[in-house]
2 protein chains.
Amino acid sequence: MNRPQPVEQMVEIIKKLPGVGPKMAERLSYHILKMPQSEVNRLIDSIQKGRQSMKYCDVCFNLSETNPCPICSDPSRDKNMLCVVETPQDLLAVSKVKDYRGLYFVLGGALSPLDAIGPDDIRVAQLLKKLKSDKITEIILATDADSKGETTALYLAQLIKPFNIKVTRLGYGLPVGGDIEYADEVTLSRAIAGRKEM
Amino acid sequence: MNRPQPVEQMVEIIKKLPGVGPKMAERLSYHILKMPQSEVNRLIDSIQKGRQSMKYCDVCFNLSETNPCPICSDPSRDKNMLCVVETPQDLLAVSKVKDYRGLYFVLGGALSPLDAIGPDDIRVAQLLKKLKSDKITEIILATDADSKGETTALYLAQLIKPFNIKVTRLGYGLPVGGDIEYADEVTLSRAIAGRKEM
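Here the structure is a predicted model, which means the values were calculated and not measured.

Calculation criteria
- Residues numbered from 1 in each chain as written.
- Chains lettered and ligands numbered in written order.
- Predicted model: local features only at pLDDT ≥ 70, side-chain atom pairs only at ≥ 80, totals over all residues.
- Heavy atoms only, no water.
- Axes fitted to C-alpha atoms, helices over the stretch in contact; angles between N-to-C directions.
- Helix = DSSP H or I, 4+ residues; strand = E, 2+ residues; numbered from the N terminus.
- Parallel < 35°, antiparallel > 145°, perpendicular 65-115°, else oblique.
- Left-handed = near helix turned anticlockwise from the far one by under 90°.
- Contact = heavy atoms within 4.5 Å.
- Nonpolar A, V, L, I, M, F, W, Y, C, P; charged D, E, K, R; others polar.
- Pairing = 2+ DSSP bridges.
- Domains from an automatic or database assignment.

## So, the packing of helix α1 (residues 5–14) of chain A against helix α2 (residues 22–34) of chain A
Residue and element names in this part refer to chain A.
Argument step 1. Packing of α1 against α2 leaves a shortest axis separation of 8 Å and a crossing angle of 125°. Classified by the interaxial angle, the pair formed by α1 and α2 is oblique. Both α1 and α2 take part in a crossing whose hand is right-handed. Along the contact surface, α1 presents V7, M10, V11 and I14, while α2 presents P22, A25, E26, L28, S29, Y30, I32 and L33.
Argument step 2. Residues of the contact of α1 with α2, tallied by class, amount to 10 nonpolar, one polar and one charged.

Structural data, given as structure tokens:
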């Protein structure tokens, strides 16, 4: 016996979500079929409400309930500094660091030739437009420390050079609380290169 | 900055799904916010259609588009044999084994004192009622091989004893294709106890 068609349909669609494999999709589907109707309604409502109320900020492309987003409309922020991140989640993470009081720009992804994601698939043009119109003196490239994030940072750094803007990249090294024993070689070599006098 | 309230709501609800942790729930939420509206509609439709079209079979409590389900309404099936499983997914797995031509009964879970799941939370009463009314000669207890499934099988075996029905449990041993080197001790000891003459 195969899975009944409506379950098959659920599995097929849920399987496409990131990090969800075929087994997990089946488990989730059967769980949803067993859930009380009120819980299913809450799940669907939360998705629909989320979609309706969250919009992209026209200034930084963060996801926010307001446009422009609370950060872009905060007059106390330093408008000369721009922190470039891949996703709204990354922006949230950086925004928890109280020391940074500048603005943000969300690329909406990273360059990835293998996945056929080029500069036109992320907001490179919009970033360059911003650099032309706004008075930015420093850009922090806070893309991920993986190969896609690195590629994106290198690519952007070259594009930004002609604007005479200071471009910085997040520092590499041991994560705080990190164990040297378990650090990989590349991280350790970067940590040594970035050593500080005490 | 914290997550905007509508995203927070999504994360809170998605986090409750089985196997989904807080990080995964955040990732799924932001993914859903980024998906094209047509894909979101397909996701919601598949959930709603699944819920509408799948019902519990009154005979075996399998999830099916029809009631009774295709297995219970198949006249060629051996009505004297009953295979007791925990979930509809387990029923699907066993139903792929062509050798078994009897009927099924879905308990809807397993006994788990630690999670406060007792006999009243699964379909023990319905199973006993069935044993009284139907002419069943053998019951295969196909609950999981974990501690909850074992407890449930032992409990059911005791309850079924007075009915004078043959009760069997799935055989234990090495999974086919399994590597002895990686088999755990308990499985190996069961495999030795269940050894067969060649």
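## Quick look at the sheet that holds strand β6 (residues 166–169) of chain B
Residue and element names in this part refer to chain B.
Argument step 1. The strand order across the open sheet built from four strands is β4-β3-β5-β6, with neighbouring strands paired in parallel fashion. Two strands in the sheet have a free side with no partner beyond their single neighbour: β4 (102–106) and β6. Pairwise comparison of adjacent strand axes, ignoring direction, gives a mean angle of 25° for this sheet.
Argument step 2. The pairing of strand β3 (residues 78–85) with strand β5 (residues 138–141) spans four bridges and is parallel. Looking at β5, one finds that M81 is bridged to E138.
Argument step 3. Contacts between helix α4 (residues 88–95) and the sheet are confined to β3 and β4, with β4 contributing the most and set at about 160° to the helix.

## Some thoughts on the domain arrangement of chain A
Argument step 1. In terms of domains, chain A is made up of domain 1 (5–53) and domain 2 (58–169).
Argument step 2. Averaged C-alpha coordinates put domain 1 of chain A and domain 2 of chain A at centres separated by 33 Å.

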